[in-house]
Amino acid sequence: ASPLILNNALALETLPNRDSTVFADLYGLSSIPSFFRGTLRYRGFCERMLALARLGLLDQGPLPALKSGPSTLRQWLPPLLDINEN
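Residues numbered from 1 in each chain as written. Predicted model: local features only at pLDDT ≥ 70, side-chain atom pairs only at ≥ 80, totals over all residues. Heavy atoms only, no water.

## Some remarks on the overall build of the protein
Scanning the protein for helices and strands turns up four helices and three strands. Listed by position from the N terminus, the elements making up the protein come as β-β-α-β-α-α-α. For the protein, the proportion of its 86 residues judged to be buried stands at 13%. For the protein, contacts bridging at least 24 residues in sequence account for 39% of all contacts bridging at least 6. On the protein, roughly 7,200 Å² of surface is accessible, and the fraction owed to carbon and sulfur atoms is 56%. (Helix = DSSP H or I, 4+ residues; strand = E, 2+ residues; numbered from the N terminus. Buried < 20%, exposed > 50% of the residue type's maximum accessible area, 1.4 Å probe, protein only. Contact = heavy atoms within 4.5 Å. Areas by Shrake-Rupley, 256 points an atom, 1.4 Å probe, with all protein chains shown as cover.)

This is the structure in structure tokens:
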């Protein structure tokens with residue numbers, strides 16, 4: 001992600017979307033030499049999503065620990081992070 005600061009209140013990150021050259025025609029921009037299509041997110045979004053992914057919280061399948069394991073976040077999160085609860 002690349003930082004994009006529009007003003008002090010709006011700090012964003014730009015995330016490129018896949019190969020976007022196929023959209024140039026759709027937008028009537030087929031004659032331009034280069035084309036960028038991306039997404040704007042609030043700063044820190046990528047780091048937060050990466051942390052969730054590393055925890056397995058973005059996996060598409062069920063999380064076994066949530067099926068029959070601890071019932072509260074405080075009980076469930078420490079084993080997932082491999083830390084001592086105390």
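## Structural notes on the sheet that holds strand β2 (residues 10-16)
In spatial order, the strands read β1-β2-β3; together these three strands make up an open sheet with antiparallel pairing. In this open sheet, the two strands that pair with only one neighbour each are β1 (2-7) and β3 (38-42). Neighbour-to-neighbour, the strand axes of the sheet open up by a mean angle of 35 degrees, direction not taken into account. (Pairing = 2+ DSSP bridges. Axes fitted to C-alpha atoms, helices over the stretch in contact; angles between N-to-C directions.)

## Considering the packing of aromatic side chains
Summed over all chains, the structure comprises one aromatic pair. Aromatic side chains Phe-23 and Tyr-27 sit 6.3 Å apart centroid to centroid with 20 degrees between the ring planes, which places their arrangement in the stacked category. Given a relative accessible area of 26%, Phe-23 falls into the partly exposed group. The ring of Phe-23 has Arg-37 sitting right over it, with the charged end atom 4.0 Å from the ring centre. A cation over a ring is seen here: Arg-41 above Phe-45, with NZ or CZ 4.8 Å from the ring centre. (Phe/Tyr/Trp six-rings, centres within 6.5 Å; stacked < 30°, edge-to-face > 60°. Lys NZ or Arg CZ within 6 Å of the ring centre and 35° of its normal.)

## Some words on the pairing of β2
Of all seven residues making up β2, five are buried, and the element is well covered by its neighbours. As defined by bridge partners, β1 adjoins β2 across five bridges and the pair is classed as antiparallel. Within the sheet, the bridge partner assigned to Pro-3 lies in β2 and is Glu-13. With antiparallel pairing between neighbouring strands as the criterion, β1 and β2 make up a hairpin whose turn holds two residues. Pairing geometry for β2 and β3, over five bridges, is antiparallel. What sits directly across from Leu-12, in β3, is Tyr-42.

## A word on the confidence of the model for the protein
Mean pLDDT over the protein stands at 80; residues scoring 70 or higher make up 90%. Confidence scores differ between elements of the protein, with helix α3 (residues 64-68) showing the lowest mean pLDDT of 67 and helix α2 (residues 45-54) the highest of 90. (pLDDT = per-residue confidence, 0-100.)

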